[in-house]
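Close look at the chain arrangement
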There are 2 protein chains.
Amino acid sequence: MPRPRFARLDPEQQENILSVATEAFAAEGFGVSYNELIARTGLSKGSMYYYFDDKRDLFLTVIERSMGQLLIAPEPPDWGSADEFWAGLRGLYNTLMAAFQLQPEAAGLSRALIDARRTGQLGDELVAWEERLGAWMGGLLVQGQRLGAVRSDLPPDLLLAGAMALGEAADTWLLTQLDSGDLNGAVDLAFEFMKGSLEAR
Amino acid sequence: MPRPRFARLDPEQQENILSVATEAFAAEGFGVSYNELIARTGLSKGSMYYYFDDKRDLFLTVIERSMGQLLIAPEPPDWGSADEFWAGLRGLYNTLMAAFQLQPEAAGLSRALIDARRTGQLGDELVAWEERLGAWMGGLLVQGQRLGAVRSDLPPDLLLAGAMALGEAADTWLLTQLDSGDLNGAVDLAFEFMKGSLEAR
DNA sequence: CATCGGTTCGACCGGTGGTCTAAGAACTAG
DNA sequence: CTAGTTCTTAGACCACCGGTCGAACCGATG
């Protein structure tokens, strides 16, 4: 997160920095040259490091700002039955995709985030984030198993790895479908794929 | 691939270079410092670049040498029925894992390869390799569909993305199970997971 | 006016992968 | 044996990367 000073900076300048960074990261991913990004803001390197600890700090700030409300809630929701479980999950997906359609740069950032996470370019903060995601997903799977919605015939770590891989593949595929006419149908398909792989049989 | 000169180099020196590189890449992945790797071979930078175009060239050479016979065959096998299809696939997995157990460094290299591919650190050559893998997997899926073994109710690109994600997750998980007692059982589980997700229903 | 904290700036650092030229080694022709 | 040519080696050098740091600047306060 940015140094407290950043809040005291001229709001116009704040907006300038964040919008330049958002555009850069969304378009080119985390791999974009920080030197170049800084130059694009018009600030000097020293000033940039005066407000943000480092590149990751700025990246995460941008992510938080653009996708804060979309990001995984700390607690998985609590559903009462297997049907509710799948319907609720389906609802989460819908919400997410609708939000992506309204904020196109969020989709770009999401791609950048997935990519940077994969790459391991982000240090402790994102490792923590990844653990949070794993824990959230793991909690979800356990809940689903308790409700009899999720299969219990696989080792938990394999199930989790598979679920996360499928989720990521589905997300990535859905991001390619954002502009296709039938987003709802696409979400249906991706979701059915995941459900079919994970549900109790 | 290495410059032709490399073949004319003293075999002992060849072996030295490749084994140092194998060890380095297997242990630390593609991200290992090339400068450091070169220093570890005892060669000068100039000499290294005299024999190999660049880091990727050496990496791919090492991959090819250690895992050449394991890598995807150009043509997917041809099976006659749905049962044969799944049994054949299962057999492929078994062969691969057995080989990994016999050549531990191949497992490390495999991890490095998966990782580098993900990261996009490897340029055209690996993009080509990835396309080959995609085409192979795609061909496999089409064949499976023809035999009624693989589901046909999803868009091909979604099915392919899911299959590759599942395959990668399964591979990665299996690589963590190499030292566990029951490798056969682990392959069973991972394979059943994939099969359950992809088979016609 | 002097001081002093907050702010700005860019030179600088060690690292990366990759290039290039000049010297050395080895082989060939006369 | 020598002169010329080609193959090989060595490491200085390059542009770039993310990140650091001290000097200068600026505005408010005493």
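Just so we're clear, the structure is a prediction, and the values are computed from it rather than from any experiment.

Looking only at helices and strands, chain A has 10 helices and zero strands in total. In chain A, the order of α-helices and β-strands from amino to carboxyl end is α-α-α-α-α-α-α-α-α-α. On the principal axes, the C-alpha backbone points of chain A span a range of 60 × 35 × 25 Å. Sorting the 201 residues of chain A into buried and exposed places 48% on the buried side. The long-range fraction of contacts in chain A, counting pairs at least 24 apart against all pairs at least 6 apart in sequence, stands at 71%. A total accessible area of about 9600 Å² is found for chain A, and carbon and sulfur atoms account for 53% of it.

Let us now look at the protein's contact with DNA strand D. Lining the immediate surroundings of DNA strand D are 16 residues, of which Ser33, Lys45 and Lys55 of chain A together with Tyr50 and Tyr51 of chain B lie closest. Considering DNA strand D, the proportion of its atoms within 4 Å of the protein that are sugar or phosphate atoms stands at 60%. At a separation of 2.9 Å, a phosphate oxygen of DNA strand D approaches a polar side-chain atom of Tyr49 of chain A. The side chain of Tyr51 of chain B places a nitrogen or oxygen atom 2.6 Å from a phosphate oxygen of DNA strand D.

In many reports, interface size means the accessible area that the parts give up when they come together. Listed per partner, the contact involves 21 residues of chain A and 21 residues of chain B. Summed over both sides, the interface of chain A with chain B buries roughly 1900 Å², with 72% coming from carbon and sulfur. Of all residues in chain A, Leu158, Trp173 and Phe193 of chain A bury the most surface against chain B, accounting for 32% of the area lost on that side. Run the count over chain A and chain B and you get zero salt bridges. At the boundary of chain A and chain B, one finds three residue pairs in polar contact (both at pLDDT 80 or more). Looking at the side of chain A that touches chain B, the elements with two or more residues in it are helix 9 (156-176) and helix 10 (183-198) of chain A. By residue class, the composition of the side of chain A that touches chain B is 12 nonpolar, five polar and four charged.

The local shell around DNA strand C holds 14 residues, among which Tyr50 and Tyr51 of chain A together with Ser33, Lys45 and Tyr49 of chain B are the closest. A distance of 2.9 Å separates a phosphate oxygen of DNA strand C from a polar side-chain atom of Tyr50 of chain A. Contributing elements (two or more residues each) for the surface near DNA strand C: helix 4 (45-51) of chain A together with helix 3 (34-41) and helix 4 (45-51) of chain B. Among the elements that line the surface near DNA strand C, the one with the most residues is helix 4 of chain A, at four residues. Taken together, the residues of the surface near DNA strand C break down into five nonpolar, five polar and four charged.

So, about the packing of helix 6 (residues 82-102) of chain A against helix 10 of chain A. All names here are of chain A. Relative orientation of the contacting elements helix 6 and helix 10 amounts to 140 degrees, with a least axis distance of 10 Å. The orientation of helix 6 relative to helix 10 falls into the category oblique. Crossing of helix 6 against helix 10: the hand is right-handed. In this structure, helix 6 contributes Trp86, Leu89, Arg90, Tyr93, Asn94, Met97 and Gln101 to the contact, and helix 10 contributes Leu183, Asn184, Val187, Asp188, Phe191, Met194, Lys195 and Leu198. Here the residues of the contact of helix 6 with helix 10 are counted per class, giving nine nonpolar, three polar and three charged.

Once that is clear, we can look at helix 3 (residues 34-41) of chain A. All names here are of chain A. Inspection of helix 3 places Tyr34, Leu37, Ile38 and Thr41 among the buried residues, and these make up the whole buried set. Along helix 3, the residues classed as buried sweep out an arc of 100 degrees about the axis, all on the same side. Buried residues in helix 3 make contact with helix 2 (11-28), helix 4 and helix 5 (55-67). Between a side-chain oxygen at the N-terminus of helix 3 and the backbone nitrogen of Asn35 the separation is 3.4 Å; the capping residue is Ser33.

Before going further, it helps to examine the nonpolar core. Core analysis: the biggest nonpolar cluster contains 126 residues, and Leu37, Leu58 and Phe59 of chain A together with Leu37, Leu58 and Phe59 of chain B have the highest contact counts within it. Contact partners of Phe59 of chain A, with chain neighbours within four places excluded, come to Phe25, Phe30, Ala112, Leu113, Ala116 and Leu122 of chain A.

Another aspect to go through is the packing of aromatic side chains. Residue and element names in this part refer to chain B. Applying the stated criterion across every chain yields a total of 22 aromatic pairs over all chains. Between Phe6 and Tyr51 the ring centres are 6.2 Å apart and the planes differ by 65 degrees, which places this aromatic pair in the edge-to-face class. Placement of Phe6 in helix 1 (residues 5-8) and of Tyr51 in helix 4 is noted, with a sequence separation of 45 residues between them. Overall, Tyr51 belongs to the buried group, its relative accessible area being 16%. Centroid distance Phe6 to Phe52: 4.8 Å. Interplanar angle 55 degrees. Geometry classified as tilted.

Each copy superposes on the other: chain A lies on chain B with an RMSD of 0.1 Å after a rotation of 179 degrees and an axial shift of 0.0 Å. In the structure described here, the two chain copies are related by an operation that fits a two-fold rotation axis. Nearest to the rotation axis, the C-alpha of Ser197 of chain A is located 2.2 Å from it, this being the minimum over chain A. Both copies present the same face, since 100% of the interface residues in chain A are matched by interface residues at the equivalent positions in chain B.

Time to look at the pattern of salt bridges. Tallying each qualifying case throughout the model produces 14 salt bridges over all chains. Here Arg90 of chain A makes a salt bridge to Asp188 of chain A, at a shortest N to O gap of 2.1 Å. Here Asp188 of chain A lies in helix 10 and Arg90 of chain A lies in helix 6, a separation of 98 residues in the sequence. The salt bridge partner of Arg56 of chain B is Asp54 of chain B, with a shortest N-O separation of 3.4 Å. The partly exposed category is assigned to Arg56 of chain B, whose relative accessible area is 22%. Taking the relative accessible area as the measure of exposure, Asp54 of chain B reaches 22% and is therefore partly exposed.

Conventions we followed
Residues numbered from 1 in each chain as written. Chains lettered and ligands numbered in written order. Predicted model: local features only at pLDDT ≥ 70, side-chain atom pairs only at ≥ 80, totals over all residues. Heavy atoms only, no water. Helix = DSSP H or I, 4+ residues; strand = E, 2+ residues; numbered from the N terminus. Buried < 20%, exposed > 50% of the residue type's maximum accessible area, 1.4 Å probe, protein only. Contact = heavy atoms within 4.5 Å. Areas by Shrake-Rupley, 256 points an atom, 1.4 Å probe, with all protein chains shown as cover. Near = heavy atom within 4 Å. Polar contact = N/O pair within 3.5 Å; in protein donor to acceptor, adjacent residues only side chain to side chain. Buried area = accessible area lost by both parts, 1.4 Å probe. Salt bridge = Lys/Arg side-chain N within 4 Å of Asp/Glu carboxyl O. Nonpolar A, V, L, I, M, F, W, Y, C, P; charged D, E, K, R; others polar. Axes fitted to C-alpha atoms, helices over the stretch in contact; angles between N-to-C directions. Parallel < 35°, antiparallel > 145°, perpendicular 65-115°, else oblique. Left-handed = near helix turned anticlockwise from the far one by under 90°. Arc of directions from axis to C-beta. Core = buried A, V, L, I, M, F, W, Y, C linked by side-chain atoms within 4.5 Å. Phe/Tyr/Trp six-rings, centres within 6.5 Å; stacked < 30°, edge-to-face > 60°. Least-squares fit on C-alpha atoms with pLDDT ≥ 70 in both.

In short, shape yes, function no, at least from these values alone.
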